[in-house]
Amino acid sequence: MRPKEKKSNAKSDDARSIREELAKLGAPRVKVDPATVQAMKPETRGGVFSRPGWLFELKYDGFRTLAAGGAGEARLFYKSGHDATRIFPELVQAVAALPFQGLILDGETVILDHDGRPNFQKLQRRGLRTRASDTAAAAAASPATLFVFDLLAFEDFDLRPLPLTERKKILRRVVPPDAGWIRLTDEIPERGADLYAAVSEMGLEGVVGKRADSPYRAGYSTDWLKFRVDQSSDFAVIGFEPIHGSRTGFRRLRLAAYDARGRLVYAGSVGTGFNRETMDQVRARLEPLRRDTAPVAVEDKKGTIWVDPQVVVEVRYKEWTEDGRLRHPVFLRVRDDKTADECVIPGVEHEREEEVRQEPAKPLNFTNLDKVFWPGEGITKGDLIDYYRTVAPWMLPYLKDRPLVLDRYPDGIAGKSFFQKSAPESAAGRIRTAPVRSEGSGREIDYLLCDDVEGLLYLVQLGAIPFHFWSSRIGSPDRPDWCILDLDPKTAPFDHVVTIALAIRELCEEIAMPCFIKTSGGSGLHILLPLGGLLDHEQSRQLGEVLAGLIVGRLPQIATTARAIQARRGKVYVDALQNGRGKLLAATYAVRPRPGAPVSTPLDWSEVNQRLDVGSFNIKTVPKRLKKKGDPNLPVLSTVPDLERSLALLSEKL
């Protein structure tokens, strides 16, 4: 026992000494919540330099990771904020073994090959294995290493305001050389050009330069700069060109990125750099995301299958051309650690528009009212405006204070369309907006907020047909109002959707959880469980996944949680992954750009039976229905469930 006591006393002395040093340095005495930390990110630059007052490090090819804990505890977070604790048990064990409490380490998770080089493909495969049995086997076969380069917190001290050199001094006292799967990164003072030359010769990814006196600030900063050996950027996949006669692979991917005003714009395509395994994996991930039209304004690309912009890929290229296209693009990898919000046109990572004095808005002038938006039914833009004006009293309670994303069809559903997140210039004085910081990119997006009829009709005048909104409101963006289960049939019969919906209602009754239902406006149904702001987004997603798993267990012949369409085998997809910060849902009473002009419509549970026809709820029938029946879903906005009781009953089911 004596040796252990001496060791414990030594560590206690170390902790006391570090506390005294931090107090001298003026580190704030405040407990840092790792779940709220936003990573500091380097801006991309060309022309590496050597300069006094700068430190230069290798740029590792991995997942940016925040590791929190010590003294027997550990949690891992990706830069996006998603929890990665269960994926890398070896890193959890190594962080927990550190003898100090309240640590927050910033670093890069990588998997090294036999030559000691980062192997991103192996790391990516690790990231997809989330079951406990799989992660344990993967950790033994391909262990990860966390290369740590910064220390953000120690016990109840916040180190972020301190200069980088002081943070690194404390870091070297916290992480020993024999810390298992945790390693400290090496830095070279001043000689950035020499390090870059060595990195280029070795074929590594690049160099990161950091001001030695820089504090740690969230988001992009010119105090940190990255210099890539090859120019590359991240892009959202918006479509793919299939191989004729094949259900796997593709010829090329269509790409897009956000411009400085938050608009998703076309960036060209990439058709090289793939192997067969990667092509099949990417195709399987894109299949569930199919949509009828392109999510951006783009010239006709015959044969392209368009998808929602959710999958992110990194692409190497020679240059970004004047017409906004990639020259000589080559696919590098899928970025599971990044979101589409982080895909911005090179050079505008956090470009902000200058503030200008806004003149009062002129009266709204409706134009092109006779333009046909639904050719098959002869429904015009004027008809769409009349519809939204009529349903506004029922629709606005759902829209109020909730960030919106537009899907604009200026020439109707047969024409080009594009997503728009950031408010257009013409919004000034007409509709309220609010800047929201994107957790992925670190930049602010000026989201639209629709509070009144005038604002709603202004958006329709822009050619917006459907509206997509957040599950949370601008005043509490991390507290969703509901948890959603999206029942997506694809090729499954609709009566199976009804059966599953009723099974979910039965399960909710068993756990005393209220639930509401609406049509999606497509072929499926949306089930909403009111949360009353009691859970955060991650907890809401976990609740949805548990419920989806139980339902699949009860109805394995017709229900599945497999995302890939091929893997569903004709079953209904019970999707809980639409829960999350910034995740979008078709707004209640939104018209969808499909034949028949269907509407996402609240239902009474008595209507959910084998006679249910979702196509009967459309732009012509819903206004009459509302005046006659009202809205059965309105309580979803105000109901506060007894979650403690419901979760206790749910745990018994597990």
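Residues numbered from 1 in each chain as written. Predicted model: local features only at pLDDT ≥ 70, side-chain atom pairs only at ≥ 80, totals over all residues. Heavy atoms only, no water.

S.K.: Before we go on, may I ask you to explain the nonpolar core in this structure?
M.R.: A general trend in soluble globular proteins is that nonpolar side chains are found buried together. Judged by nonpolar contacts, the single largest core of 87 residues is most densely connected at Tyr388, Met395, Leu459, Phe467 and Ile527. Beyond its immediate stretch of four places on either side in the chain, Tyr388 contacts Met395, Leu456, Leu457, Val460, Ile465, Pro466, Phe467, Tyr589, Ala590 and Val591. The next biggest cluster of nonpolar side chains, apart from the first, holds 38 residues, and it includes Leu22, Leu98, Phe120 and Leu162. (Core = buried A, V, L, I, M, F, W, Y, C linked by side-chain atoms within 4.5 Å. Buried < 20%, exposed > 50% of the residue type's maximum accessible area, 1.4 Å probe, protein only. Contact = heavy atoms within 4.5 Å.)

S.K.: So what exactly am I meant to see when it comes to the sheet that holds strand β10 (residues 206-211) here?
M.R.: Two modes of strand pairing occur in sheets, parallel and antiparallel, and in both the strands are linked by backbone hydrogen bonds. An order of β1-β11-β10-β2-β9 is seen for the 5 strands of this open sheet, with the pairing classed as mixed. Two strands lie at the open edges of the sheet, namely β1 (40-44) and β9 (187-189), each paired on one side alone. The average angle at which neighbouring strand axes cross in this sheet is 35 degrees, direction not considered. Relative to strand β11 (residues 219-228), β1 runs parallel, the two being bridged by 5 bridges. Residue pairing in the sheet places Lys41 in a bridge with Tyr220 of β11. Packing against the sheet, helix α5 (residues 164-174) makes contact with β2 (54-59), β9, β10 and β11, and its axis sits at approximately 55 degrees to β2. (Pairing = 2+ DSSP bridges. Helix = DSSP H or I, 4+ residues; strand = E, 2+ residues; numbered from the N terminus. Axes fitted to C-alpha atoms, helices over the stretch in contact; angles between N-to-C directions.)

S.K.: Mind showing me how you'd approach the pairing of strand β13 (residues 252-258) here?
M.R.: A regular strand places its side chains on the two faces of the sheet in alternate fashion. Burial runs high along β13: 6 of the 7 residues are buried. Across 5 bridges, the pairing between strand β12 (residues 232-241) and β13 is antiparallel. Across the sheet, Phe240 pairs through a bridge with Leu253, a residue of β13. Sheet topology note: the β13/strand β14 (residues 264-270) ladder contains 6 bridges and is antiparallel. Bridged to Leu253 within β14 is Val270.

S.K.: Is there a simple way to explain the pattern of salt bridges in this structure?
M.R.: Side-chain pairs of opposite charge can arise whenever the charged atoms involved come near each other. By the definition in use, this model includes 43 salt bridges. A salt bridge links Glu314 to Arg333, with the shortest nitrogen-to-oxygen separation between them at 2.4 Å. Placement of Glu314 in strand β16 (residues 312-316) and of Arg333 in strand β19 (residues 330-334) is noted, with a sequence separation of 19 residues between them. Comparing Glu314 with Arg333 shows no difference in burial state: the two are buried. The salt bridge involving Arg432 is made with Asp401; its shortest N-O contact spans 2.4 Å. With Arg432 in strand β24 (residues 432-437) and Asp401 in the loop between α8 (381-399) and β22 (404-408), the pair connects residues that are 31 residues apart, well separated along the chain. Residue class for Arg432 comes out partly exposed when judged on its relative accessible area of 35%. Overall, the relative accessible area of 21% leaves Asp401 in the partly exposed class. Connected through shared salt-bridge partners, Glu57, Lys168, Arg172, Glu187 and Lys210 make up one network. (Salt bridge = Lys/Arg side-chain N within 4 Å of Asp/Glu carboxyl O.)

S.K.: Honestly, the packing of α8 against helix α9 (residues 453-461) in this entry has me stumped. Any pointers?
M.R.: Geometrically, a packed helix pair is captured by the angle between its two axes and the distance between the axes. At a closest axis distance of 9 Å, the pairing of α8 and α9 adopts a crossing angle of 140 degrees. For the element pair α8 / α9, the angle class is oblique. Like other packed secondary-structure pairs, α8 and α9 cross with a definite hand, here right-handed. Here α8 contributes Lys381, Leu384, Ile385, Tyr388, Arg389, Ala392, Met395, Leu396 and Leu399 to the contact with α9, which in turn contributes Val453, Leu456, Leu457, Val460 and Gln461. Among the residues forming the contact of α8 with α9, the class breakdown is 11 nonpolar, 1 polar and 2 charged. (Parallel < 35°, antiparallel > 145°, perpendicular 65-115°, else oblique. Left-handed = near helix turned anticlockwise from the far one by under 90°. Nonpolar A, V, L, I, M, F, W, Y, C, P; charged D, E, K, R; others polar.)

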